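Residues per chain are reported as follows:
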Amino acid sequence: MPYRRVPDLVGAGLTNHAIAQRLFLSEKTIRNHVSNIFAKLGVSGRAEAVARARDAHL
């Protein structure tokens, strides 16, 4: 399922636009997924999300 790839692609530094193109989804869909990931991790930005995931060995 492509949605499981979103966190990996965010961690790789891709923009929402680049992720959307790679997964053949709309940019709004990716934006929603990224927002949901941030909410679940309790973070407010990409760098913080990557650091939190790294600290949790994800």
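This is a predicted model, so every value here is computed, not measured.

**Quick word on the environment of Phe24**
In this fold, Phe24 is placed in the loop between helix 2 (16-23) and helix 3 (27-41). A sequence separation of 19 residues divides Phe24 from Val43, and the C-alpha atoms of the two residues are 26 Å apart.

**Quick notes on the packing of helix 2 against helix 3**
Closest axis-to-axis distance for the helix 2/helix 3 pair is 8 Å, and the angle between their directions is 115 degrees. The orientation of helix 2 relative to helix 3 falls into the category roughly perpendicular. Crossing of helix 2 over helix 3 shows right-handed handedness. Here helix 2 contributes Asn16, His17, Ile19, Ala20 and Leu23 to the contact with helix 3, which in turn contributes Glu27, Ile30, Arg31 and Val34. Among the residues forming the contact of helix 2 with helix 3, the class breakdown is 5 nonpolar, 2 polar and 2 charged.

**Some thoughts on the pattern of salt bridges**
In this structure the tally under the stated criterion is 1 salt bridge. For Arg54, the salt bridge identified is with Asp55, shortest N-O distance 3.7 Å. Neither Arg54 nor Asp55 differs from the other in exposure class; each is exposed.

**Observations regarding the packing of helix 3 against helix 4 (residues 46-55)**
Helix packing geometry: the angle between the two helix axes and the distance between the axes. Contact pair helix 3 / helix 4: the axes reach a minimum separation of 10 Å and the direction vectors enclose 55 degrees. The pairing of helix 3 with helix 4 is recorded here as oblique in orientation. Every pair of crossing elements has a handedness; the one defined by helix 3 and helix 4 is left-handed. Touching Val34, Phe38 and Leu41 of helix 3 are Arg46, Ala49 and Arg52, all from helix 4.

Cut-offs and rules
Residues numbered from 1 in each chain as written. Predicted model: local features only at pLDDT ≥ 70, side-chain atom pairs only at ≥ 80, totals over all residues. Heavy atoms only, no water. Helix = DSSP H or I, 4+ residues; strand = E, 2+ residues; numbered from the N terminus. Axes fitted to C-alpha atoms, helices over the stretch in contact; angles between N-to-C directions. Parallel < 35°, antiparallel > 145°, perpendicular 65-115°, else oblique. Left-handed = near helix turned anticlockwise from the far one by under 90°. Contact = heavy atoms within 4.5 Å. Nonpolar A, V, L, I, M, F, W, Y, C, P; charged D, E, K, R; others polar. Salt bridge = Lys/Arg side-chain N within 4 Å of Asp/Glu carboxyl O. Buried < 20%, exposed > 50% of the residue type's maximum accessible area, 1.4 Å probe, protein only.

Bear in mind that shape data such as this cannot, by itself, settle questions of function.
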